[in-house]
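# Survey of secondary and tertiary structure
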Amino acid sequence: MPEAARKALQPQVTPNRNPIPQERPIPVPKRRTLTLFESILYPVMIGSVVMFGGITVSKHNEAYNIMRDTAAVNQQVDGVAKENEELKYEIAQLSSPERIYAIAEKLGMKFNEKNVKVID
């Protein structure tokens, strides 16, 4: 076969104008490890934050309990003060001279001004 015919029978290969670039490996960043100081510092910091938070909540709860107890005691004091005022009023009514004269007359006693002494 002549050479021209042979070239005609061979598949035509067109040169690739955009060659596929060779893939470069993607650099993987190195994983940073914690130093000994950091591995101790982080748990200590987290623990201290949790501890101070717990202390704060505990102190607020304690203050609330004290305020509640104080309010209860003040309420009792107010009740006792009211009861004392009522008893003073009752004492004043029971020790009134008119009442005492009425009871004395019922018992048969008589008022004699010669036996009364006024002390200032």
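The structure presented is a predicted model; accordingly, all values stated were derived computationally and were not measured.

Let us look at the overall build of the protein. Across its full length, the protein holds three helices and zero strands. Scanning the protein from its N terminus toward the C terminus, one meets helices and strands in the order α-α-α. When each of the 120 residues of the protein is scored for burial, the buried share is 2%. For the protein, the accessible area works out to roughly 12,500 Å², and carbon and sulfur atoms hold 62% of it.

This next bit is on the pattern of salt bridges. Scanning the entire structure with this criterion turns up two salt bridges. Across the pair Glu38 and Arg32 runs a salt bridge, and its minimum N-O distance is 3.1 Å. With a shortest N-O distance of 3.8 Å, Arg68 and Asp69 are connected by a salt bridge. Overall, the relative accessible area of 45% leaves Arg68 in the partly exposed class. Given the relative accessible area of 42%, Asp69 is considered partly exposed.

As a further point, take the UniProt feature "transmembrane region" (unreviewed entry) in the protein. When the UniProt feature table is mapped to this numbering, "transmembrane region" (unreviewed entry) covers residues 40–58. The span residues 40–58 carries 100% helix and 0% strand; its end-to-end C-alpha distance comes to 27 Å.

Note on placement: Glu38 falls in helix H2 (residues 36–94). With residues up to four places along the chain from it excluded, the contact list for Glu38 reads Arg32, Thr33 and Pro43.

Turning our eyes to something else, we now look at the packing of aromatic side chains. Applying the stated criterion to the full structure yields one aromatic pair. On the numbers, 5.7 Å between centres and 75° between planes, the contact of Tyr101 with Phe111 is edge-to-face. Of this pair, Tyr101 sits in helix H3 (residues 97–106) while Phe111 sits in the segment after H3, placing them ten residues apart in sequence.

Rules of the game
- Residues numbered from 1 in each chain as written.
- Predicted model: local features only at pLDDT ≥ 70, side-chain atom pairs only at ≥ 80, totals over all residues.
- Heavy atoms only, no water.
- Helix = DSSP H or I, 4+ residues; strand = E, 2+ residues; numbered from the N terminus.
- Buried < 20%, exposed > 50% of the residue type's maximum accessible area, 1.4 Å probe, protein only.
- Areas by Shrake-Rupley, 256 points an atom, 1.4 Å probe, with all protein chains shown as cover.
- Salt bridge = Lys/Arg side-chain N within 4 Å of Asp/Glu carboxyl O.
- UniProt positions renumbered as here; feature names shortened; annotations may be inferred.
- Contact = heavy atoms within 4.5 Å.
- Phe/Tyr/Trp six-rings, centres within 6.5 Å; stacked < 30°, edge-to-face > 60°.

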